[in-house]
Amino acid sequence: MSDNGREREGLELTQAAVAEAGPDAPAVTRALFLDRLAWAHTRAKEAQPALRALGKAHAAMGATDGPPAPSWAYWVSHEELEIMDARVFTELRRPLRAVPLLQDVLGRYDATHAREVALYRSWLAVALADANEPEQAAEEARQVIDTSGDLSSERTATRARAVLHRLKEYEDVPEAREVLTDYGHLLPA
């Protein structure tokens, strides 16, 4: 809902999930729900509540007491929380926080996970554009699109279009113009 134009409903649903899970839920579950709450606040354009939810997610992830994590939460990690931090910072247009975090995570990330790498690079490209670094943003955009072309993921295709759209502000920069010339056909007419 938060990503499909129903931000208020998404926020309310996420708040209900956090409340229902409560303080006795496994730490990893609380961290995941709080992480999603941060995103819902971000999409609802509520910066301070989003940042507070990120802090609570990290605190929950660091907790060692309580019941064990459910098996379905195997993928929730500190690294995944850092990715959400960077997405939130990017969406809130805080590139000074987003860029180093994304560069660090991508430097450690398993390159064989092409879909995830493309998605994370898309956030980096947008954050670099927000930081007025269009040359680097264009370089990342090209990598996102080149990687996304080999994937059958609508999410990566959507992110690639978002990156191209963001680069349009820098059409006068040769590197950005070249990417837009090469891949502008991916944008809706």
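See the structure shown above.
In this report, the structure presented in the accompanying data block is examined. Only a predicted model underlies this, so the values are computations on that prediction, with no experimental measurement involved.

Considering the overall build of the protein chain
Looking only at helices and strands, one finds nine helices and zero strands in the protein chain. Reading the protein chain from its N terminus to its C terminus gives the helix and strand order α-α-α-α-α-α-α-α-α. Its C-alpha atoms give the protein chain a radius of gyration of 17 Å, within 12% of the compact-globule value 16 Å for 189 residues. In terms of its C-alpha atoms, the protein chain occupies a principal-axis envelope of roughly 55 × 35 × 30 Å.

Some thoughts on the environment of A31
For A31, the position within the fold is in helix α2 (residues 27–43). Take A31: its relative accessible area is 0%, and that puts it in the buried class. Expressed as a C-alpha distance, the spacing of A31 and Y109, which sit 78 residues apart in the sequence, is 20 Å. In contact with A31, other than residues within four places in its own chain, are A57, A60, M61 and L81.

Section: the packing of helix α6 (residues 114–130) against helix α7 (residues 134–148)
Viewed as axis vectors pointing N to C, α6 and α7 meet at an angle of 155°, and their least axial separation amounts to 8 Å. Between α6 and α7, the angle falls in the class roughly antiparallel. In this structure, α6 meets α7 at a crossing whose hand is left-handed. Packed against α6, whose contacting residues are A114, A118, R121, S122, L124, A125, L128 and A129, the element α7 presents Q136, A137, E140, A141, Q143, V144, T147 and S148 at the interface. Of the residues that constitute the contact of α6 with α7, the class distribution is nine nonpolar, five polar and two charged.

Some words on helix α3 (residues 47–62)
The end-to-end C-alpha distance of α3 is 23 Å, a good match for the 22 Å that 16 residues give at a rise of 1.5 Å each. Restricting attention to buried positions, one finds in α3 the residues A50, L51, A53, L54, A57, A60 and M61. Summarising the contacts, the buried residues of α3 are in contact with α2, α4 (78–91) and α5 (95–108).

Observations regarding the layout of surface pockets
Its volume calculated, the largest pocket comes out at about 510 Å³. What lines the largest pocket is a set of 26 residues, among which R36, W75, M84, R87 and R155 lie closest to the centre. Of all elements in the fold, only α1 (7–21), α2, α4 and α6 reach the threshold of two or more residues within the lining of the largest pocket. Class assignment for the residues of the lining of the largest pocket results in 14 nonpolar, four polar and eight charged. Considered as a void within the structure, the second largest pocket measures approximately 430 Å³ in volume. What lines the second largest pocket is a set of 17 residues, and nearest its centre among them are R43, E91, W123, R159 and A162. Listing elements by their share of the lining of the second largest pocket, those giving two or more residues are α2, α4, α6 and α8 (154–167). The greatest single-element share of the lining of the second largest pocket, amounting to seven residues, is contributed by α8.

Overview of the packing of α1 against α2
If you want to describe how two helices pack, look at the angle between their axes and the distance between the axes. The interhelical angle for the contact between α1 and α2, taken along N-to-C directions, is 160°, at an axis separation of 9 Å. Compared by their axis directions, α1 and α2 come out roughly antiparallel. When you trace α1 past α2, the crossing you get is left-handed. Side by side, α1 and α2 meet where E7, G10, L11, T14, Q15, A17, V18 and A21 of the first sit next to F33, L34, R36, L37, A40, H41 and R43 of the second. Looking at the contact of α1 with α2 residue by residue, the class counts come to eight nonpolar, four polar and three charged.

What about the pattern of salt bridges?
Taken as a whole, this structure holds 15 salt bridges when the rule is applied. A salt bridge links R43 to E91; the shortest N-O distance between them is 2.7 Å. In this pair, R43 sits in helix α2 while E91 sits in helix α4, placing the two residues 48 residues apart along the sequence. Through salt bridges that share partners, E79, E82, D104 and R108 make up one connected network.

Cut-offs used in this document
Residues numbered from 1 in each chain as written. Predicted model: local features only at pLDDT ≥ 70, side-chain atom pairs only at ≥ 80, totals over all residues. Heavy atoms only, no water. Helix = DSSP H or I, 4+ residues; strand = E, 2+ residues; numbered from the N terminus. Rg over C-alpha atoms; globule rule 2.2 N^0.38 Å. Buried < 20%, exposed > 50% of the residue type's maximum accessible area, 1.4 Å probe, protein only. Contact = heavy atoms within 4.5 Å. Axes fitted to C-alpha atoms, helices over the stretch in contact; angles between N-to-C directions. Parallel < 35°, antiparallel > 145°, perpendicular 65-115°, else oblique. Left-handed = near helix turned anticlockwise from the far one by under 90°. Nonpolar A, V, L, I, M, F, W, Y, C, P; charged D, E, K, R; others polar. Expected span 1.5 Å × (residues − 1). 1 Å grid on protein atoms, 1.4 Å probe; cavity = no way out; pocket = protein on both sides within 12 Å on 5 of 7 lines; lining within 4 Å. Points joined across faces, edges and corners; volume = space filled by probe spheres on them. Salt bridge = Lys/Arg side-chain N within 4 Å of Asp/Glu carboxyl O.

That is the geometry; function is a separate question.
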